[in-house]
Amino acid sequence: MTAPTFSLIQVENIKNDTLILTNGGLRAILEVSGINLSLLAEKEQELVINQFKNLLDGLDFPIEILVLSRMENINNYLKILHLRLEEERDPLIKFQLEEYISFLEDYLQNHKIMKKIFYIIIPYDPIETGLGPLAKIKKPAGLEETEEVKFEQLATRIAYIIDSLNNIGLNAYRLSDVELIKLLFEMYNPDLRWQQLPKQIIEKLAEIL
């Protein structure tokens, strides 16, 4: 008998904005804004690259970088443009809006608009020793870590990553419980239109969490 898809997901629980794995490990996921290096001057590009290198050199734990391509829904944006068009009284601006809306609608008939979403996955696993400059709580030998200690260690790592990203000019925020569930759902349902978790599922999950 074929095992269900969810059996491949080694997540036992989701709470405190964290994935709790079946082996007791923790995973936090940050969504990170992008940056277009090609629009920066050469010196600015070098600065960004060097700062990112410093971030990686300062790590004493592994991270994962996940990049997803998603089809973008701009229907709401088009509705806003149409409302703006109805309110506009200046003939020149009205003409420009009409041309812009027409261009977008024609383009969407034959093209898909894609966007890239960047994530950083930050781990904390129970087998770690707690050594290193980022480990503020050192685990005594033979002593089992409490859940509180694990979350504190993970929080220390998250703070370091977010602070380092801010220095590069990148904004990062931690996904909430519902956002983590939504991300997992979309990863295993790639054909879902607009990559949207059904509202009924979100409401049901919110009740559980």
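Scope of this entry: the structure provided in the associated data block. All values reported here derive from a predicted model rather than from experimental measurement.

### A few points about the overall build of the chain
And then number 1: Helix and strand content of the chain: 6 helices and 6 strands.
And then number 2: The N-to-C order of helical and strand elements in the chain reads β-β-β-α-β-α-α-β-α-β-α-α.
And then number 3: Split into buried and exposed, the 209 residues of the chain put 30% on the buried side.
And then number 4: Partitioning the contacts of the chain with sequence separation of at least 6, the portion at a separation of at least 24 is 70%.
And then number 5: For the chain, the computed accessible surface area is about 14000 Å², with 56% contributed by carbon and sulfur atoms.

### Things to note about the pairing of strand 1 (residues 11-15)
Consecutive side chains along a regular strand alternate between the two faces of the sheet.
And then number 1: With 4 bridges joining them, strand 1 and strand 2 (residues 18-21) adopt antiparallel strand pairing. Paired with Lys15 across the bridge in strand 2 is Thr18.
And then number 2: Connecting strand 1 to the next strand, strand 2, in antiparallel fashion are 2 residues, including Asn16 with a positive phi near 50°.

### Focus: the pattern of salt bridges
And then number 1: All told, the structure shown has 4 salt bridges when counted by the stated rule.
And then number 2: Taking the shortest distance from any N to any O, the salt bridge between Glu147 and Lys15 comes out at 3.1 Å. A residue pair is termed long-range when its members are at least 10 positions apart, and Glu147 in helix 4 (residues 147-168) and Lys15 in strand 1 qualify at 132 residues.
And then number 3: In this structure, Asp125 and Arg27 form a salt bridge, with 3.0 Å as the shortest nitrogen-oxygen distance. Residue Asp125 is located in the loop between strand 5 (114-124) and helix 4, and its partner Arg27 is located in strand 3 (residues 26-32); the two are separated by 98 residues in the primary sequence.

About the cut-offs
- Residues numbered from 1 in each chain as written.
- Predicted model: local features only at pLDDT ≥ 70, side-chain atom pairs only at ≥ 80, totals over all residues.
- Heavy atoms only, no water.
- Helix = DSSP H or I, 4+ residues; strand = E, 2+ residues; numbered from the N terminus.
- Buried < 20%, exposed > 50% of the residue type's maximum accessible area, 1.4 Å probe, protein only.
- Contact = heavy atoms within 4.5 Å.
- Areas by Shrake-Rupley, 256 points an atom, 1.4 Å probe, with all protein chains shown as cover.
- Pairing = 2+ DSSP bridges.
- Salt bridge = Lys/Arg side-chain N within 4 Å of Asp/Glu carboxyl O.

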